[in-house]
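# Observations on the three-dimensional arrangement
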Amino acid sequence: MILFEEILEREIGLLDEVEINTSLSRKPKFGWGNSDELRKVLEVYGEEHYPMVWCVPRQDSSTDFSGIYTRDMELNLCTRETRTELLNTVRTDANYSYQKVLLPLWNSIERQFELSGSVVVLEDTLRWQLFPDYKLGEQYETKEIWDVLKIIVGVQFNNEYVPCIS
């Protein structure tokens, strides 16, 4: 049995580098879990963990025992942004985090899902939200300052899926 998080880790690992700024591109990193796990991951990997795709655990469901499951997938696409003085209207400009890093990252994830067949997006409508200068309440959840794109969409996956290796 393959867990959904394992499938996501493999698929995110196959993505190309994402341009962060004019002089730096990186492959996205994947992680999953609660806030405590997120803090541990950031302590271990620090700056090298961006851009990051963070999966929030959700319940899987199935109508039979075929190995095909559905879930509301919740992904937080994160990039580091230290300039807290930026207005939100600037953060969504072409040369800043949402247009330059996070939206292209989501497009790459969708394309990878289509190519691999391991995760099928079931809904035509995405639920998404921008979290510029991300905080939890009035406090930063971590020491890092992020811009986050949260995506929630229904997906289907096969927990017995074995990719073709060529």
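Predicted, not measured: the structure shown is a model, and the values here were computed from it.

## Some remarks on helix 1 (residues 4-13)
Quick reminder: α-helices carry 3.6 residues per turn. Residues three or four places apart thus point the same way. Within the span of helix 1, buried status applies to Phe4, Glu5, Ile7, Leu8, Glu11 and Ile12. On an axial view of helix 1, the arc spanned by its buried residues comes to 155°, and they lie on one face. Residues of helix 1 that are buried sit in contact with strand 3 (29-32), strand 4 (52-56), strand 5 (68-80), helix 4 (97-116), strand 6 (119-121) and strand 8 (146-158).

## A look at the pattern of salt bridges
All chains considered together, the criterion is met by 9 salt bridges. Measuring nitrogen to oxygen at the nearest pair gives 3.7 Å for the salt bridge that ties Glu37 to Lys40. Of the two residues, Glu37 and Lys40 are both situated in helix 2 (residues 35-45); the distance of 3 residues between them amounts to about one turn of the helix. For Glu37, a relative accessible area of 30% gives the class partly exposed. In this structure, Arg58 engages Glu74 in a salt bridge whose closest nitrogen and oxygen atoms are separated by 2.5 Å. Placement of the pair is Arg58 in the loop between strand 4 and strand 5 and Glu74 in strand 5, with a sequence separation of 16 residues. Using a relative accessible area of 8% as the deciding quantity, one classes Glu74 as buried.

## So, the side chain of Arg71
Mapping Arg71 onto the fold places it in strand 5. At 3.0 Å, the side chain of Arg71 forms a polar contact with the side chain of Glu5.

## Topic: the packing of helix 1 against helix 4
Each pair of packed helices can be summarised by the angle the axes make with each other and by the distance between the axes. At a closest axis distance of 10 Å, the pairing of helix 1 and helix 4 adopts a crossing angle of 110°. Classed by the angle they form, the pair helix 1 and helix 4 counts as roughly perpendicular. Of the residues in helix 4, those touching helix 1 at Leu8, Glu11 and Ile12 are Ile109, Gln112, Phe113 and Ser116. Residues that form the contact of helix 1 with helix 4 fall into these classes: 4 nonpolar, 2 polar and 1 charged.

Conventions adopted
- Residues numbered from 1 in each chain as written.
- Predicted model: local features only at pLDDT ≥ 70, side-chain atom pairs only at ≥ 80, totals over all residues.
- Heavy atoms only, no water.
- Buried < 20%, exposed > 50% of the residue type's maximum accessible area, 1.4 Å probe, protein only.
- Helix = DSSP H or I, 4+ residues; strand = E, 2+ residues; numbered from the N terminus.
- Arc of directions from axis to C-beta.
- Contact = heavy atoms within 4.5 Å.
- Salt bridge = Lys/Arg side-chain N within 4 Å of Asp/Glu carboxyl O.
- Polar contact = N/O pair within 3.5 Å; in protein donor to acceptor, adjacent residues only side chain to side chain.
- Axes fitted to C-alpha atoms, helices over the stretch in contact; angles between N-to-C directions.
- Parallel < 35°, antiparallel > 145°, perpendicular 65-115°, else oblique.
- Nonpolar A, V, L, I, M, F, W, Y, C, P; charged D, E, K, R; others polar.

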